[in-house]
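Residue-level structural notes
Chain residues, written in single-letter form:
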Amino acid sequence: MTETRLEPVPGSDVGLKLALAISGLATEDLEERGRSFFRAISPDGFTVGYAGIETCGDAVLLRSMVILPEHRGKALGRSLTTETLKTVKQSSAVFLATTTAAQFFENLGFIVVERGDVPPAVLATRQLSGICPASATIMKLDRPPT
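Note that the structure is a prediction, hence the values are computed from the model and not measured. (Residues numbered from 1 in each chain as written. Predicted model: local features only at pLDDT ≥ 70, side-chain atom pairs only at ≥ 80, totals over all residues. Heavy atoms only, no water.)

Topic: the overall build of the chain
This is how it is decided: Segments assigned H or I by DSSP are reported as helices when at least four residues long, segments assigned E as strands when at least two residues long, and all are numbered from the N terminus. We take the radius of gyration over the C-alpha atoms and set the globule estimate at 2.2 Å times the residue count to the 0.38 power. Remark: exposure states derive from per-residue accessible area (1.4 Å probe, protein chains only) relative to the maximum for the residue type, with buried under 20%, exposed over 50%, and partly exposed in between. It only takes one pair of heavy atoms within 4.5 Å for two residues to be counted as in contact. Residue burial considers only the protein chains on display, and all accessible areas are found by Shrake-Rupley using a 1.4 Å probe.
Scanning the chain from N- to C-terminus turns up 5 helices and 7 strands. Ordering the α and β elements of the chain from the N terminus gives β-α-β-β-β-α-β-α-β-α-α-β. For 146 residues, the compact-globule estimate of 2.2 N^0.38 gives 15 Å, and the chain sits close to it at 14 Å. Seen along its three principal axes, the alpha-carbon backbone of the chain occupies a region of about 45 × 30 × 25 Å. For the chain, with 146 residues in total, the buried portion stands at 45%. Of the contacts formed within the chain by residues at least 6 apart in sequence, a portion of 64% connects residues at least 24 apart. Surface exposure of the chain reaches about 7600 Å², of which carbon and sulfur atoms provide 53%.

Structure representation (structure tokens):
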């Protein structure tokens, strides 16, 4: 597995916005409060992707996960996800919504959950309350409680 390191970037970062737009991911709420974004940098110093987290009370929404097209197929998505999860408190429940990558996230320990099992603060995010389609799969990281 290829390791990446994360570098914080603001929601206004041009590279972040471009990478998300190219991949068909939402950009309209990036600069709102409660969000943290990261640039993924390969060992040789290249930007390979971006990721974000949104704090939702005691839970976190993993979001804006993207590997740049020219770096896909190199196990960087796994590394990006692992490194991003290291920025989250172990006690936080971690959720995400996806329309295309459920199998990928299942392989990383996420399980599909019903909307009724998602905390209200997560459901109230712009991502889940309007930006992501209602058909998006909602997932939760399945890890033992601390």
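Past the structure itself, the notes keep going.
Remarks on unusual backbone geometry
For Ser 64, which is not glycine, the phi dihedral falls at a positive 55°. Here Ala 75, not a glycine, exhibits a phi torsion of approximately 65°, which is positive. Note that Ala 75 resides in the loop between β4 (59-67) and α2 (76-85).

Looking at the sheet that holds strand β6 (residues 110-112)
Under the convention used in this document: Any two strands are treated as partners once DSSP identifies two or more bridges connecting them. For helices, the fitted axis covers only the stretch in contact; all axes are lines through C-alpha atoms, and the angles between them, taken along N-to-C directions, range from 0 to 180 degrees.
The mixed open sheet is built from 7 strands, whose spatial order is β1-β2-β3-β4-β5-β7-β6. Looking along the sheet, the strands with just one partner apiece sit at the ends: β1 (5-9) and β6. On average, each strand axis in the sheet is tilted by 30° relative to the strand beside it, whichever way the strands run.

A closer look at the nonpolar core
Let me state the cut-off plainly: What makes a nonpolar core is a set of buried Ala, Val, Leu, Ile, Met, Phe, Trp, Tyr and Cys residues whose side-chain atoms join them at distances within 4.5 Å.
Among the nonpolar cores identified, the biggest contains 21 residues, and Leu 62, Val 94, Phe 105 and Phe 110 are the most heavily contacted of them. Among the elements that make up this core, the one with the highest residue count is β4 (4 residues).

A closer look at the environment of Val 112
By the secondary structure assignment, Val 112 is in strand β6. Spatially, the C-alpha atoms of Val 112 and Thr 84 are 20 Å apart, while their sequence positions differ by 28 residues. Once residues lying within four places of it in the same chain are set aside, the contact partners of Val 112 are Glu 106, Thr 137, Ile 138 and Met 139.

Quick notes on the side chain of Ser 79
For clarity, the threshold we go by: We call two N or O atoms a polar contact when they sit within 3.5 Å, provided that within protein one can donate a hydrogen and the other can accept it, with sequence-adjacent residues counted only if both atoms are side-chain atoms.
Note that Ser 79 resides in helix α2. Judged by its relative accessible area of 1%, Ser 79 falls in the buried class. In this structure the side chain of Ser 79 is engaged in a polar contact, spanning 3.0 Å, whose partner is the backbone nitrogen of Thr 4.

Considerations on the pairing of strand β5 (residues 93-98)
For clarity, the threshold we go by: When the strands point away from the viewer and the path from the first strand over the helix to the second turns clockwise, the crossover is right-handed.
Bridge analysis of β4 against β5 gives 3 bridges, and the strand direction is parallel. In the sheet register, Ala 59 faces β5, and the bridge partner there is Ala 93. For the crossover that starts at β4, traverses α2 and ends in the parallel β5, the hand is right-handed. Two strands pair when backbone bridges link them, and β5 and strand β7 (residues 137-141) are joined in this way by 4 bridges, in the antiparallel orientation. The residue bridging Leu 96 from the neighbouring strand is Met 139, located in β7.

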